[in-house]
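One-letter residues, chain by chain:
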Amino acid sequence: MTEATYDILGIGNAIVDVVARADEAFLSRHNMHKGAMRLIDAEAADALYAAMPPGQESSGGSVANSCAVAAALGAKVAYVGKVADDQLGTVFRHDIRAIGVHFPTAPLLDSAPTARCLILVTPDGQRTMNTFLGACVTLDAGDVDPRLVAASQVTYLEGYLFDPPAAQAAFYRAAEAAHAAGRQVALSLSDAFCVDRHREAFRKLVAGHVDILFANEVEITSLYEQNSFEAAAELARADVGLAVLTRSEAGSVILRGSETVAVEAVPTQVVDTTGAGDAYAAGFLAGLTGGKSLAACGRMGSIAAAEVISHYGARPEADLRKLVAAGLA
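The following refers to the structure shown. This structure is a prediction, so every number in the text was calculated from the model and none was measured.

### Overview of the overall build of the chain
Along its length, the chain carries 13 helices and 13 strands. The globule rule puts the C-alpha radius of gyration for 329 residues at 20 Å, and the 18 Å found for the chain is close to it. When the backbone C-alpha atoms are referred to their principal axes, the chain occupies close to 50 × 40 × 40 Å. Across the chain, the fraction of contacts at a sequence separation of at least 24, relative to all contacts at a separation of at least 6, is 72%.

### Brief notes about the packing of aromatic side chains
Here the structure, examined in full by the defined rule, presents eight aromatic pairs. A centroid spacing of 6.0 Å and a plane angle of 40° characterise the contact between Tyr-79 and Phe-92, whose relative ring orientation is tilted. Of this pair, Tyr-79 sits in strand 5 (residues 77-80) while Phe-92 is found in helix 4 (residues 87-98), placing the two residues 13 residues apart along the sequence. Both residues of the pair, Tyr-79 and Phe-92, count as buried.

### Thoughts on the sheet that holds strand 1 (residues 6-11)
Spatially, 5-1-8-9-10-11-12-13 is the arrangement adopted by the eight strands of the open sheet, whose pairing is mixed. A single partner strand is all that each edge strand has here, and the edge strands are strand 5 and strand 13 (259-263). Along the sheet, successive strands turn relative to each other by an average axial angle of 15°, direction set aside. Across three bridges, the pairing between strand 9 (residues 184-188) and strand 10 (residues 212-216) is parallel.

### Quick word on the side chain of Arg-199
Looking at the element boundaries, Arg-199 is found in helix 8 (residues 199-209). Taking the relative accessible area as the measure of exposure, Arg-199 reaches 17% and is therefore buried. At 2.8 Å, the side chain of Arg-199 forms a polar contact with the side chain of Asp-196. In contact with Arg-199, not counting residues within four places along its chain, are Ser-222, Leu-223 and Glu-225.

### Notes on the sheet that holds strand 4 (residues 56-60)
Sheet architecture is open: five strands sit in the order 3-7-6-2-4, paired in mixed fashion. Both edges of this open sheet fall to strand 3 (37-39) and strand 4, since each of them pairs with a single strand only. Pairwise comparison of adjacent strand axes, ignoring direction, gives a mean angle of 20° for this sheet. Bridge analysis of strand 3 against strand 7 (residues 127-132) gives three bridges, and the strand direction is parallel. The residue of strand 7 that forms the bridge with Leu-39 is Thr-131. The sheet contacts of helix 2 (residues 42-51) involve strand 2 (15-21), strand 4, strand 6 (115-121) and strand 7, and relative to strand 6 the element is tilted by about 45°. Sheet strands in contact with helix 4 are strand 2, strand 4 and strand 6, and its direction is about 75° off that of strand 4.

Rules used in this analysis
Residues numbered from 1 in each chain as written. Predicted model: local features only at pLDDT ≥ 70, side-chain atom pairs only at ≥ 80, totals over all residues. Heavy atoms only, no water. Helix = DSSP H or I, 4+ residues; strand = E, 2+ residues; numbered from the N terminus. Rg over C-alpha atoms; globule rule 2.2 N^0.38 Å. Contact = heavy atoms within 4.5 Å. Phe/Tyr/Trp six-rings, centres within 6.5 Å; stacked < 30°, edge-to-face > 60°. Buried < 20%, exposed > 50% of the residue type's maximum accessible area, 1.4 Å probe, protein only. Pairing = 2+ DSSP bridges. Axes fitted to C-alpha atoms, helices over the stretch in contact; angles between N-to-C directions. Polar contact = N/O pair within 3.5 Å; in protein donor to acceptor, adjacent residues only side chain to side chain.

Laid out in structure tokens, this is it:
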């Protein structure tokens, strides 16, 4: 096998994140359920954007956030996702390239505008997300370059992207290209509601085409329709070579064959939970592609997640490499 050009190739929903502080009264006025993610149309997105307090704007989407964090850790990263040829698309392209991520996807012309996720963070650190998907759902198998997949150690797929049939075809094209080149495929389940919508399709993808599965406790129990985390974890162990399961403040559990590694969460002051799972996956994959032990990979994920939730927004503000070096010493 030739040496990989990239450690991680992410494929996901290319979304501009807009993060702002808000109180619970604001959520009530706009009929939001705190802590949830809902899909909205272009008209609602424009109205909510106009009503929101001032916020931060950056290239986002779950796997794009992971790519950004992994790049901050020194990993060589590429990303595939669809934006439009508009103002927010320009913001996305500039932002993700400026942090060192290779982003080759051509913009969508004369069609839906660039996706955006309008995130309201309440004083308790909970984030409530309102997502207009726009251009990102037009990604299809033609946007997946098998040469780029073959040049990447791990291709990381975002569960949120799984809704459109064209995106599902892109996932299978990427998985086939990765395995043909002797590379690995990772999948984030992303959201329990997404799992509920596509449970059987996800089960088929996981069992037949995924090497590394990322999920939190709610997502993994939903996937396998189990009441207990332990039962769902054992089913994941049987389905994939490596299952990485997060449990918020209870840490994470990593399963590979008969091996089980428990990793403690890193204590921090929670300000905004946006991107916690994305940062964990980034730290883990950066460690894995760098040849670290499973325990060290989990520790790197926990350190990255703790840093990201200690402030507003899903991107690290501290020097993650220094934090990881100290945390692994």
